[in-house]
Amino acid sequence: MKGRPPHRGSGARRGPGGPKPGGFSKRPGTGPRSSALDAAQRAARNRGEDAGERSPWADVEVQDNAPRPKRASKPAAPKPAAAAPRARTKPPAETAPRAKAPPAEAAPSGPTRREQREAVSATLASGVQTLTVSPDEAGMRIDRFLSARFPQLPFTRVQSIVRKGELRVDGKRAKPSDRLEPGSSVRVPPLKLDQTTDRPRSPNKVAGDAEFLRSLILYEDADMMILNKPFGLAVQGGSGTVRHVDGLLEALTGPDGQRPRLVHRLDKDTAGCLIIAKTRLAAATLAKSFRSRAARKIYWALVAGVPRTRQGRVSTYLVKDEPTDADARMRVAKHGDDGASHALTYYATVDQAAQKMAWLSLKPVTGRTHQLRAHAAHIGHPIVGDPKYFDVENWELPGGIQNRLHLLARRIVIPHPRTGQPVDVSAPLPPHMAQSWNLLGFDAARYDPIVEAPEA
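In this text the structure is predicted, and so the values were computed from the model without any measurement.

How each quantity is defined
- Every residue gets a number counted from 1 within its own chain, in the order that chain's sequence is written.
- In view of the model being predicted, local features appear only for residues whose pLDDT reaches at least 70, and side-chain atom pairs are presented and counted only at 80 or more, with totals across whole chains, interfaces and linings using the full set of residues.
- Hydrogen atoms and water are omitted, and side-chain values are computed over all heavy atoms in the structure.
- Helix and strand labels come from DSSP, where a helix needs a run of H or I of at least four residues and a strand needs a run of E of at least two; each type is numbered from the N terminus.
- For every residue, the accessible area obtained with a 1.4 Å probe (protein chains only) is divided by the maximum for its type, and the residue is called buried under 20%, exposed over 50%, and partly exposed between those limits.
- For this analysis, residues touch if any pair of their heavy atoms sits within 4.5 Å.
- As used in this record, nonpolar core signifies buried Ala, Val, Leu, Ile, Met, Phe, Trp, Tyr and Cys residues forming a set joined through side-chain atoms within 4.5 Å.
- What a helix is expected to span follows from its residue count: subtract one and scale by 1.5 Å.
- Throughout, the arc means that of the directions going from the helix axis to the C-beta atoms.
- Any two rings among Phe, Tyr and Trp, with Trp reduced to its six-membered ring, count as a pair given centres within 6.5 Å; such a pair is stacked if its planes are under 30 degrees apart, edge-to-face if over 60, and tilted if neither.
- In our convention, an over-ring charge means Lys NZ or Arg CZ found within 6 Å of a ring centre and within 35 degrees of that ring's normal.
- Here the rule is simple: two strands pair whenever DSSP picks up at least two bridges between them.
- Lines fitted to the C-alpha atoms define the axes, with helices restricted to the stretch that makes contact. Angles between their N-to-C directions range from 0 to 180 degrees.
- Pairing of N or O atoms within 3.5 Å defines a polar contact, subject to two protein rules: one partner must be a possible hydrogen donor and the other a possible acceptor, and residues neighboring in sequence count only if both atoms are side-chain atoms.
- By definition, pLDDT measures how confident the predictor is in each residue, and it falls between 0 and 100.

## Examining the overall build of the protein chain
Moving on, step 1. Looking only at helices and strands, the protein chain has 12 helices and 15 strands in total.
Moving on, step 2. In the protein chain, buried positions account for 41% of the 456 residues.

## Describing the side chain of Ser184
Moving on, step 1. Topologically, Ser184 is positioned in the loop between strand S3 (172-173) and strand S4 (185-188).
Moving on, step 2. Beyond its immediate sequence surroundings of up to four residues, Ser184 is in contact with Leu131, Thr132, Val133, Val169 and Asp170.

## Topic: the nonpolar core
Moving on, step 1. Counting residues in hydrophobic clusters, the biggest one holds 39 residues, and the most contacted among them are Ile226, Ile275 and Ile414.
Moving on, step 2. Ranked by residue count, the leading element in this core is strand S12 (residues 341-353), at five residues.
Moving on, step 3. The residues touching Ile414, leaving out its near neighbours within four places in the chain, are Met224, Ile275, Leu286, Ser289, Phe290, Ala295, Gln421, Pro422 and Val423.
Moving on, step 4. Counting 31 residues, the second largest nonpolar core, distinct from the first, contains Leu233, Val235, Leu248 and Tyr299.

## What about helix H8 (residues 203-214)?
Moving on, step 1. The first and last C-alpha atoms of H8 sit 16 Å apart over 12 residues, in line with the 16 Å expected at 1.5 Å per residue.
Moving on, step 2. Turning to H8, its buried residues are Asp209, Ala210 and Leu213. Seen along its axis, H8 keeps its buried residues to an arc of 100 degrees; they face one direction. Opposite the packed face of H8, turned more than 90 degrees from it, sit the exposed residues Asn204, Glu211 and Arg214.
Moving on, step 3. Turning to H8, the residues buried within the fold contact strand S5 (217-220), strand S6 (224-229) and helix H9 (245-248).

## Structural notes on the packing of aromatic side chains
Moving on, step 1. One pass over the structure, following the stated rule, counts five aromatic pairs.
Moving on, step 2. A ring pair is formed by Trp359 and Phe442, whose centres lie 5.7 Å apart and whose planes are at 40 degrees; its orientation type is tilted. Placement of the pair is Trp359 in strand S13 (residues 357-364) and Phe442 in the segment after helix H12 (431-440), with a sequence separation of 83 residues.
Moving on, step 3. Geometrically, the ring pair formed by Trp437 and Phe442 is edge-to-face, given 5.5 Å between the ring centres and 85 degrees between the ring planes. The same class applies to Trp437 and to Phe442, which are both buried.
Moving on, step 4. Clustering of aromatic rings is evident, with ring pairs tying together Trp300, Trp359, Trp437 and Phe442.
Moving on, step 5. Over the ring of Phe212 we find Arg243; its NZ or CZ atom is 4.9 Å from the centre of that ring.

## With respect to the sheet that holds strand S2 (residues 168-169)
Moving on, step 1. If you trace the four strands from one edge of the open sheet to the other, you get S1-S4-S2-S3, paired in antiparallel fashion. The strands lining the two open edges of the sheet, one partner per strand, are strand S1 (129-132) and S3.
Moving on, step 2. Pairing of S1 with S4, which is carried by four bridges, proceeds in the antiparallel orientation. Across the sheet, residue Gln129 finds its bridge partner in S4, namely Val188.
Moving on, step 3. Across the sheet, helix H6 (residues 142-149) is in contact with S1, S2 and S4; its angle to S1 comes to roughly 105 degrees.

## Some points on helix H10 (residues 280-291)
Moving on, step 1. A rise of 1.5 Å per residue sets the reference length of H10, with its 12 residues, at 16 Å; its end C-alpha atoms lie 17 Å apart and thus fit the reference within 8%.
Moving on, step 2. Turning to H10, its buried residues number three or more, namely Arg280, Ala282, Ala283, Ala284, Leu286, Ala287, Ser289 and Phe290.
Moving on, step 3. Considering only its buried residues, H10 is in contact with H6, S6, strand S7 (261-262), strand S8 (271-277), strand S9 (296-304) and strand S14 (407-415).

## Details of the side chain of Asp143
Moving on, step 1. Tracing the chain through its elements places Asp143 in helix H6.
Moving on, step 2. A distance of 2.7 Å separates polar atoms of two side chains, one belonging to Asp143 and the other to Arg141.

## Comments concerning the environment of Glu181
Moving on, step 1. Mapped onto the fold, Glu181 is located in the loop between S3 and S4.
Moving on, step 2. It is 9.7 Å that separates the C-alpha atoms of Glu181 and Val169, two residues lying 12 residues apart in sequence.

## Topic: the confidence of the model for the protein chain
Moving on, step 1. For the protein chain, the mean per-residue pLDDT works out to 78, and 68% of the residues sit at or above 70.
Moving on, step 2. This model gives residues 9-15 a pLDDT under 50, and the stretch forms 11 contacts once residues within four places in sequence are excluded.

Encoded structure:
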């Protein structure tokens, strides 16, 4: 039924929509729900029609673009005899086009996934909302879940929402790294998204971003790709960070609205292998591979000094100095300390330059924030160019070696999200590390003993 029903108040009411002279007669308390029906039946009898042949509300049916009637009490009033011919001369077929209009409007194809996401973001941002985790979102980190549901929301705002406890999962506070279960209820506060972020991007900029990302591809198929992330390019946005991989991936959105998405992250100044999923299903499967430690990663680093034990194992508990800072410095803690997580790394000395510097190959078993950088500093051999953890006194950088973080995500082996077969990819040395390797006489093709390290 379209339109609004007539006023259900007493027939004696007066006002803009109330009775007029010649309209409803005052009725003694017969109940408001029967007055409109009785009036319609009387009007039909006065016109010589059978009141049972049609609904009393047929005349208030309107098209979507037609104004709604303010009151329905007027048609219900008895009409003069002169008005009857007008009602009878109305062609019955006039209502037929109205019934056929909806199929004509439904002819265009449905919205793309991107349009659906934007519409959902705009709708849900109006106030406190409760979202339900779908099966294909199972296992997603909470911060990634918010970023996927609200593409316009800056990542710093996502972190702030979770950190301040404004977001609740099944009624409880959660951490950004917590994983979601299918069917979980996620309470999201009012987001107040800035509508100016919906401005269309320049086609030239989109094309430039897409070309830049394609130049970094080390491996690609229909489900995933592995990029050679350069030094200095952030993986995700943050305070003052405008250009980052997560934002650039928007340029590779497919015609069906599928947007490539991050599976893991690297520090801004760490170069090397970065896995990108092309579909949500691939992202969920690859994320499970990381959580189950089915993925194997090898890093190369240039460190100060040479470890006495050429091959070793570093097992500590790490905790942030500032829990509210996503990029805070990590420090070694004790088991049981608040916020402390176990971190395990294997290392091997591949080559050395006298006793000044060493080339270490590192295999992290766990994936804690700044794990390799903190562990290298913990054993007394911090990574060259590390602004957070390098604290060797009276140490001078040899000439020709740049003061940049010398850490490379050299190699990654991970089961393919669809076939399960291992995908093995290696990244070349970034320019500043290649320069240091040349100056120190290191051969990048040398045998890497870290491959023999345990897996747990």
